[in-house]
Amino acid sequence: MTNKVIYKEAAAALSVLAILAGLPFLLWYWRNVYVPGKYPPGTQIIHLTAVADGGIWTRDPIVGYSYWWKTPTRVKEIELKQGSHVVLFLSSPDVQHAFSLPNLHVGPVPVPAGHTVEVGFTADHTDELNFACTQVCGRDHSKLAGQFVDSQSRSAQH
Ligand SMILES: [Cu+2]
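These figures come from a predicted structure and were not determined experimentally.

A.B. asks: How would you sum up the domain arrangement of the protein? Please name residues and give values.
C.D. replies: Examined at the domain level, the protein breaks down into domain 1 (1–38) and domain 2 (44–157). Just the C-alpha atoms count here: the centres of domain 1 and domain 2 sit 33 Å apart.

Dropping the structure here:
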């Protein structure tokens, strides 16, 4: 092989590696650095994905294979700081869901299949902050429910 071919081979191999390592990094960067940087400091950013199969709200990122290969971690309780501004990123990997948090007058917010919807609210109080899916999305629809709890009163109990 001539030197030129070897350089081309090396460049091709390096660009494949750059893509393989770079895409996960970009996804991580977007979620953990870029998006939080758009909001005032102290904003609580919460990613929630509704999975119809099993009726699971999860904070796990659901990307392709993870929907079929493993059961996402079910989230029943999410800690909030009273008074803080909260931004929810609600995603659906499967069918249309809807998010409702009646005691803070949030929703119902439709979450179409394959989309991520952004919802902001201020946690003026933290009493009975039950949230749920309010659109019948499958046989496990009724399990798509959870609660926001005050992180301060939580740490006081322990
Ligand atoms: Cu539902």
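A.B. asks: Got a sec to walk through unusual backbone geometry? Specific residues and values, please.
C.D. replies: Looking along the chain, the bond that leaves glycine 107 and enters proline 108 is cis, with omega of 5 degrees. Residue position: proline 108 is located in strand β6 (residues 106–111). Its identity as a non-glycine residue notwithstanding, histidine 105 has a phi of 55 degrees, on the positive side. Within the element layout of this structure, histidine 105 appears in the loop between β5 (97–101) and β6. The phi angle at glutamate 128 is positive, at roughly 50 degrees, despite the residue not being glycine. The topology assignment puts glutamate 128 in the loop between β7 (116–122) and β8 (129–133).

A.B. asks: Report on the sheet that holds β8, specifying residues and quantitative values.
C.D. replies: Taken in spatial order, the five strands of this open sheet run β3-β9-β8-β5-β6, and their pairing is mixed. Single-partner strands in this sheet number two, and they are β3 (77–80) and β6. Averaged over all pairs of adjacent strands, the angle between strand axes in this sheet comes to 20 degrees, irrespective of strand direction. The pairing of β5 with β8 spans two bridges and is antiparallel. For serine 100, the partnering residue across the bridge sits in β8 and is alanine 132.

A.B. asks: Describe the sheet that holds β7, listing the residues and the values that go with them.
C.D. replies: Spatially, β2-β1-β4-β7 is the arrangement adopted by the four strands of the open sheet, whose pairing is mixed. The sheet is open, and its two borders are formed by β2 (56–58) and β7, each paired with just one other strand. Neighbour-to-neighbour, the strand axes of the sheet open up by a mean angle of 25 degrees, direction not taken into account. As paired strands, strand β1 (residues 44–51) and strand β4 (residues 85–91) are joined by six bridges and run parallel to one another. Bridge pairing in β4 places glutamine 44 opposite valine 86.

A.B. asks: I'd like a description of the environment of leucine 20, backed by residues and values.
C.D. replies: Residue placement: leucine 20 occurs in helix α1 (residues 3–37). With 9 C-beta atoms counted inside 10 Å, the residue leucine 20 sits in the exposed group.

A.B. asks: Any chance you could break down the nonpolar core for me, citing the residues and the numbers?
C.D. replies: Ranked by internal contacts, the top residues of the largest apolar core, which has 21 residues, are Ala50, Phe99, Phe131 and Cys133. If you list the elements that add at least two residues to this core, you get β1, β2, β4, β5 and β8. The leading source of residues in this core is β8, at four residues. Sequence-distant contacts of alanine 50, defined by excluding residues within four places in its chain, comprise Trp57, Ser92, His97, Val111, Cys133 and Leu144.

A.B. asks: Quick rundown of the environment of asparagine 130? Include the residues and the values.
C.D. replies: Examined against the element boundaries, asparagine 130 turns out to sit in strand β8. A residue is classified by how many C-beta atoms lie within 10 Å of it, and asparagine 130, with 12 of them, is exposed. With 78 residues separating them along the chain, asparagine 130 and alanine 52 place their C-alpha atoms 19 Å apart. If we ignore the near neighbours within four places in the chain, the residues touching asparagine 130 are Ala145 and Gln147.

Parameters and conventions
- Residues numbered from 1 in each chain as written.
- Predicted model: local features only at pLDDT ≥ 70, side-chain atom pairs only at ≥ 80, totals over all residues.
- Domains from an automatic or database assignment.
- Helix = DSSP H or I, 4+ residues; strand = E, 2+ residues; numbered from the N terminus.
- Pairing = 2+ DSSP bridges.
- Axes fitted to C-alpha atoms, helices over the stretch in contact; angles between N-to-C directions.
- Buried ≥ 20, exposed ≤ 12 C-beta atoms within 10 Å, placed from the backbone.
- Core = buried A, V, L, I, M, F, W, Y, C linked by C-beta atoms within 7 Å.
- Contact = placed C-beta atoms within 7 Å.

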